[in-house]
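# Results of the structural survey
Each chain is listed here by its residues.
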Amino acid sequence: MQLHQNLFQSTWVERTNLFVLLVLAWLTAIAPSFAKEDSRPSKSTSQPNVLFIAIDDLNDWVGCLGGHPQVQTPNMDRLAARGTVFTNAHCQSPLCNPSRTSLLTGLRPTTTGIYGLAPWFRTVPGFEDVVTLPQYFHQQGYQTLTCGKIFHDAYPPPKVRQDGSEFDEWGYHGGWGTHPEKKIINMQGGHPLMDWGVYPDRDDQQEDYRVATWAVDKLAELAKQDAAQPFMLSCGFRRPHVPCYATQRWFDLYPEESLLMPPILRGDRDDTPLFSWYLHWKLPEPRLSWLEQAGEDRSLVRAYLACVSFADAMVGRVLDALEEQGLANNTIVVLWSDHGYHCGEKEISGKNTLWDRSTRVPLIFAGPGLKPGQRSPQPVELLDIYPTLIELCNLPSNPQLEGHSLTPQLAAPNVPRPWPAITSHNQGNHGIRSDRWRYIRYADGSEELYDMIGDPHEWTNLASSEDMVEVKSSLSKWLPKIDRPLAPNSHARVLSWDGTTAVWEGEVINPEKLER
């Protein structure tokens, strides 16, 4: 079994490395052409516009990141060719609401106490008047517009989604869309969103298609307006978030008979602390064992890949419109995902972990004055987007921000950063990611440590090794000094620890009832 695993891992790594090399060669070859492909007159303003693209639950299964050797994402790849892709970028929380709240406020989850799917940050004492990224750009004279999912879907509350509230203009918000009359996948858990397969018949029946259409139409309108006022257009896509529905054309890209599954080590969690399970004690997302028992582990991977390619096509529609309207030469484009996603790795599916599969995300900057075809391996955070856009757009700095501008790496991608990337999931649980190491400290003091160069799948926990004491010490100094408890009215995916008892979503955890 172990020999088979080694051979399988070798095949995956070899194919992934070859794929990345081919993508790199392609990006290098085409990068100069992208600077010239917009033949229409440029709509110029004194300050650049911003196109802010969010993708839900997208891990590193993107061509330019090499996370899966078969994934097809030509549009994100061509965007990377125009600018810089950060290959070691990480979210601040592996869950939608806290991750997006952190990015848009410029504050860490440990600062706000927002770790779960609730609350809305403007209901938390002390943070009611925080100036978000789009609000700051509005204050500086930008026209701010939004469509799709930018904040967590529940927020701001629907009654607050009015023009002038958070954004100058609220466009098509959309939702999870229609569902088949009967679920395609039926297995343990049974949550209505835990479904995947070929559905619907046409792409234009998908909510993300409608979101992209609104953005395309709005770019045409913006191109006709007075160029004196720059705009910030936010566009958020929900796929590949479950339910992983896509039309047949996207599934056809990944034939069942040749599908490569992600490398999985049996017994991978044997050297991880029990507390690691507490972070995802009970979730709608199925465990790997449930998927395998139902024979649906391969179907999930295939559906996830299909949805990634569909989302990429929607990104392509918006990028095409930007170019066709003569706006590309004066628009900074930033593309990001709120967190990663497990497709069986570490014995689970979903997010809610402090490992790379859950924290590593795509992050791409491209636009006027930014060098094409660059790859930065430095550890960076989604928290860094806010200050970076401020600097790129020549706006006054915002002293509330906890992130750091990425402009040094946009100028020279290998310039070292003195800070690691930090991810937190509920009070006391933190992951520290440097260029080489991942260090995890849980609320009960248990630890994990991985050499990400020699062990990129995080299969061997080195935390108990006497040789690693200095490494752990150097990384632990980055553990957040401010580490607030759960904000009032927190719920959904929340965990607390009082020193003796762990409580998950209001119920005391009984370790003997662990489901693996």
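Residues numbered from 1 in each chain as written. Predicted model: local features only at pLDDT ≥ 70, side-chain atom pairs only at ≥ 80, totals over all residues. Heavy atoms only, no water.

## Some points on the pairing of strand S12 (residues 363–366)
Along S12, one buried face is formed by Leu-363 and Phe-365 and the opposite face, lined by Ile-364 and Ala-366, is buried too. Taken together, the 3 bridges between strand S2 (residues 83–86) and S12 define a ladder with antiparallel strand orientation. Residue pairing in the sheet places Val-85 in a bridge with Ile-364 of S12. Relative to S12, strand S9 (residues 331–337) runs antiparallel, the two sharing 4 bridges. Within S12, the residue paired with Leu-335 across the bridge is Ile-364. (Buried < 20%, exposed > 50% of the residue type's maximum accessible area, 1.4 Å probe, protein only. Helix = DSSP H or I, 4+ residues; strand = E, 2+ residues; numbered from the N terminus. Pairing = 2+ DSSP bridges.)

## Some remarks on empty space enclosed by the protein
The final tally for this structure, using the stated rule, is 5 cavities of 30 Å³ or more. Roughly 50 Å³ of internal volume is contained in the second largest cavity. Gly-175, Trp-176, Gln-206, Glu-207, Asp-208, Arg-238, Arg-239 and Phe-310 are the residues that line the second largest cavity. Taken together, the residues that form the lining of the second largest cavity break down as 2 nonpolar, 2 polar and 4 charged. (1 Å grid on protein atoms, 1.4 Å probe; cavity = no way out; pocket = protein on both sides within 12 Å on 5 of 7 lines; lining within 4 Å. Points joined across faces, edges and corners; volume = space filled by probe spheres on them. Nonpolar A, V, L, I, M, F, W, Y, C, P; charged D, E, K, R; others polar.)

## Regarding the nonpolar core
With 66 residues, the main nonpolar core has Leu-219 and Phe-237 as its most contacted residues. Considering each element in turn, this core owes the most residues, 17 residues, to helix H10 (residues 297–324). Look past the residues within four positions of Leu-219 in its chain and what remains in contact with it is Phe-231, Leu-233, Val-318, Ala-321, Leu-322, Gln-325 and Leu-327. If you look at the next biggest cluster of nonpolar residues, it comprises 47 residues, including Phe-151, Val-334, Leu-382 and Leu-392. (Core = buried A, V, L, I, M, F, W, Y, C linked by side-chain atoms within 4.5 Å. Contact = heavy atoms within 4.5 Å.)

## Digging into the environment of Thr-105
Structurally, the position occupied by Thr-105 is in helix H3 (residues 96–105). For the pair Thr-105 and Ile-53, spaced 52 residues apart in sequence, the C-alpha to C-alpha distance is 17 Å. When neighbours within four sequence positions are excluded, Thr-105 is seen to be in contact with Phe-121, Val-130, Val-131, Thr-132, Tyr-386, Gln-400 and Leu-401. A polar contact is formed between the side chain of Thr-105 and the backbone oxygen of Thr-101, at a distance of 2.7 Å. (Polar contact = N/O pair within 3.5 Å; in protein donor to acceptor, adjacent residues only side chain to side chain.)

## Looking at the sheet that holds strand S20 (residues 502–504)
Ordered by their spatial adjacency, 3 strands build an open sheet running S19-S20-S21, and the pairing between neighbours is antiparallel. Looking along the sheet, the strands with just one partner apiece sit at the ends: strand S19 (495–497) and strand S21 (507–508). When S20 meets S21, the two strands line up antiparallel, connected through 2 bridges. By the bridge assignment for S21, Trp-504 is matched with Glu-507.

## A word on the sheet that holds strand S18 (residues 447–451)
In a beta sheet, neighbouring strands are held together by backbone hydrogen bonds and run either parallel or antiparallel to one another. Reading across the sheet, the 4 strands line up as S15-S16-S17-S18 and stay open at both edges, with antiparallel pairing between neighbours. Two strands close off the open sheet at either side, each with one partner strand: strand S15 (421–424) and S18. Sheet twist, expressed as the mean angle between neighbouring strand axes with direction ignored, is 10°. Judged from the 4 bridges that link them, strand S16 (residues 430–433) and strand S17 (residues 437–441) form a sheet pairing that is antiparallel. Note that in S17 the partner of Gly-431 across the bridge is Ile-440. Docked against the sheet, helix H14 (residues 469–476) engages S16, S17 and S18, running at close to 75° with respect to S17. (Axes fitted to C-alpha atoms, helices over the stretch in contact; angles between N-to-C directions.)

## A closer look at the packing of aromatic side chains
Counted under the stated rule, the structure contains 18 aromatic pairs. Between the aromatic rings of Trp-120 and Phe-151, the centroid separation amounts to 5.2 Å while the plane-to-plane angle is 85°, which identifies the pairing as edge-to-face. On the criterion of sequence distance, the pair formed by Trp-120 in the loop between helix H4 (109–112) and helix H5 (133–139) and Phe-151 in the loop between strand S4 (143–148) and strand S5 (169–170) is long-range, its members being 31 residues apart. Trp-120 gets classed as buried once you look at its relative accessible area, which sits at 8%. By relative accessible area, Phe-151 is classed as buried at 4%. Members of the aromatic cluster, connected to one another through ring pairs, are Trp-120, Phe-121, Phe-151, Tyr-155, Phe-167 and Trp-170. If you follow Lys-346 out to its NZ or CZ, it ends over the ring of Trp-355, 4.9 Å from the centre. (Phe/Tyr/Trp six-rings, centres within 6.5 Å; stacked < 30°, edge-to-face > 60°. Lys NZ or Arg CZ within 6 Å of the ring centre and 35° of its normal.)

## As for the packing of helix H2 (residues 74–82) against H10
Running from amino to carboxyl end, H2 crosses H10 at an angle of 50°, the nearest separation of the two axes being 7 Å. Between H2 and H10, the angle is such that the two are oblique. Residues Pro-74, Asn-75, Met-76, Arg-78, Leu-79 and Arg-82 of H2 touch H10, and the partners they reach there are Val-308, Asp-312, Ala-313, Gly-316, Leu-319, Asp-320 and Glu-323. Grouping the amino acids of the contact of H2 with H10 by side-chain chemistry returns 6 nonpolar, 2 polar and 5 charged. (Parallel < 35°, antiparallel > 145°, perpendicular 65-115°, else oblique.)

## Describing the pattern of salt bridges
Taken as a whole, this structure holds 31 salt bridges when the rule is applied. The partner of Arg-202 in a salt bridge is Asp-204, with the nearest N and O atoms 2.9 Å apart. Classification of Arg-202 by relative accessible area gives partly exposed; the value is 46%. Residue Glu-292 pairs with Arg-266 through a salt bridge whose shortest N-O separation is 2.7 Å. Here Glu-292, found in helix H9 (residues 288–294), pairs with Arg-266, found in the loop between helix H7 (248–251) and helix H8 (275–278); they are 26 residues apart in sequence, far enough to count as distant. Among the residues examined, Glu-292 registers a relative accessible area of 32% and is labelled partly exposed. (Salt bridge = Lys/Arg side-chain N within 4 Å of Asp/Glu carboxyl O.)

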